[in-house]
Amino acid sequence: MNPGGASISLTYIASERIIPGYGGGMSSAKASLESDTRVLAFEAGRKHKIRVNTISAGPLGSRAAKAIGFIDMMINYSLANAPLQKELHAEEVGNAAAFLVSPLASAITGAVVYVDNGLNAMAVGVDSPIFENLNIPKDH
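Treat the numbers as computed from the prediction; the structure is a model and nothing was measured.

*Asks:* Quick question: what am I supposed to make of the overall build of the protein chain here?
*Replies:* Within the protein chain, the secondary structure is distributed over three helices and three strands. Written out in order from the N terminus, the α and β elements of the protein chain read β-α-β-α-α-β. Taken along its principal axes, the extent of the C-alpha atoms in the protein chain is 55 × 35 × 25 Å. A buried classification covers 34% of the 140 residues belonging to the protein chain.

Laid out in structure tokens, this is it:
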């Protein structure tokens, strides 16, 4: 890779939070990937001026995601609980990747960039019955 190049990987929030049913070692693998992103950002940055980042995409109805078996439930959960109540599209993840490899992101390395309509920012699901009297705005 040429000096000034950029590398991107894909991760998932299960690396840092429990997602019931998302197992088989994938959570651990994603956590390791995020750690490696930081280490490689230092090593590749110092040695070769290469940036290394990872994108944590939210629930996306891709063919690969369908293999976990409950992606539709995760998409519905995101629609109900993310700050931006809309379905995530592959193009949005691609746009973030295009930005990260572009000169516009020339000072960004070692980062986990969340492309998930803000779902990562939520500590609790607002669809919980405990919040029913709060009049939380909903799009749907």
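After presenting the structure, the write-up continues.
*Asks:* Teacher, can you tell me more about unusual backbone geometry here?
*Replies:* Apart from glycine, the bulk of residues carry a negative phi angle, and the bulk of peptide bonds sit in the trans form. Positive phi, normally seen in glycine, also occurs at Lys49, with a value near 60°. For Lys49, the position within the fold is in the loop between helix H1 (26-48) and strand S2 (51-57). Exposure remark for Lys49: the relative accessible area of 58% places this residue in the exposed category. For Asn117, which is not glycine, the phi torsion reads 60° and is therefore positive. Within the fold, Asn117 resides in the segment after strand S3 (112-115). Taking the relative accessible area as the measure of exposure, Asn117 reaches 9% and is therefore buried.

*Asks:* Would you take a moment to explain empty space enclosed by the protein for this structure?
*Replies:* One water molecule sets the probe size; rolling that probe over the atoms shows where empty space is left. Using the criterion set out here, one finds two cavities of 30 Å³ or more in the structure. One number sums up the size of the largest cavity: a volume of about 40 Å³. Lining the largest cavity, in full, are Tyr12, Ile13, Ser56, Ala57, Gly58, Pro59, Asp116, Leu119 and Asn120. Across the lining of the largest cavity, the residue classes tally to five nonpolar, three polar and one charged. Per-class residue counts for the lining of the second largest cavity are four nonpolar, two polar and two charged.

*Asks:* How do you make sense of the layout of surface pockets when you look at a structure like this?
*Replies:* Its volume calculated, the largest pocket comes out at about 440 Å³. If you go around the largest pocket, you meet 18 residues; those closest to its centre are Tyr12, Tyr22, Ser62, Ala64 and Ala65. Elements represented by at least two residues in the lining of the largest pocket include exactly strand S1 (6-11) and H1. Looking at the second largest pocket, its volume works out to about 330 Å³. The residue inventory of the lining of the second largest pocket, partitioned by class, reads twelve nonpolar, three polar and one charged.

*Asks:* Is there a simple way to think about the sheet that holds S1 in this case?
*Replies:* In space, the three strands of this open sheet follow the order S1-S2-S3, with parallel pairing throughout. With partners counted over all chains shown, the strands left at the sheet margins are S1 and S3, one partner each. Strand-to-strand, the axes of this sheet are offset by a mean angle of 25°, without reference to chain direction. The sheet contact formed by S2 and S3 spans four bridges and is parallel. Bridged to Ile55 within S3 is Val113.

*Asks:* Is there a simple way to explain the pattern of salt bridges in this structure?
*Replies:* Oppositely charged side chains are able to pair whenever their charged atoms sit close together. Here the structure, examined in full by the defined rule, presents two salt bridges. One salt bridge in this structure joins Glu16 and Arg17, with 3.8 Å as the shortest N-O distance. As a salt-bridge pair, Glu92 and Lys86 come within 2.4 Å of each other at their nearest N and O atoms.

Quick notes on the rules
- Residues numbered from 1 in each chain as written.
- Predicted model: local features only at pLDDT ≥ 70, side-chain atom pairs only at ≥ 80, totals over all residues.
- Heavy atoms only, no water.
- Helix = DSSP H or I, 4+ residues; strand = E, 2+ residues; numbered from the N terminus.
- Buried < 20%, exposed > 50% of the residue type's maximum accessible area, 1.4 Å probe, protein only.
- 1 Å grid on protein atoms, 1.4 Å probe; cavity = no way out; pocket = protein on both sides within 12 Å on 5 of 7 lines; lining within 4 Å.
- Points joined across faces, edges and corners; volume = space filled by probe spheres on them.
- Nonpolar A, V, L, I, M, F, W, Y, C, P; charged D, E, K, R; others polar.
- Pairing = 2+ DSSP bridges.
- Axes fitted to C-alpha atoms, helices over the stretch in contact; angles between N-to-C directions.
- Salt bridge = Lys/Arg side-chain N within 4 Å of Asp/Glu carboxyl O.

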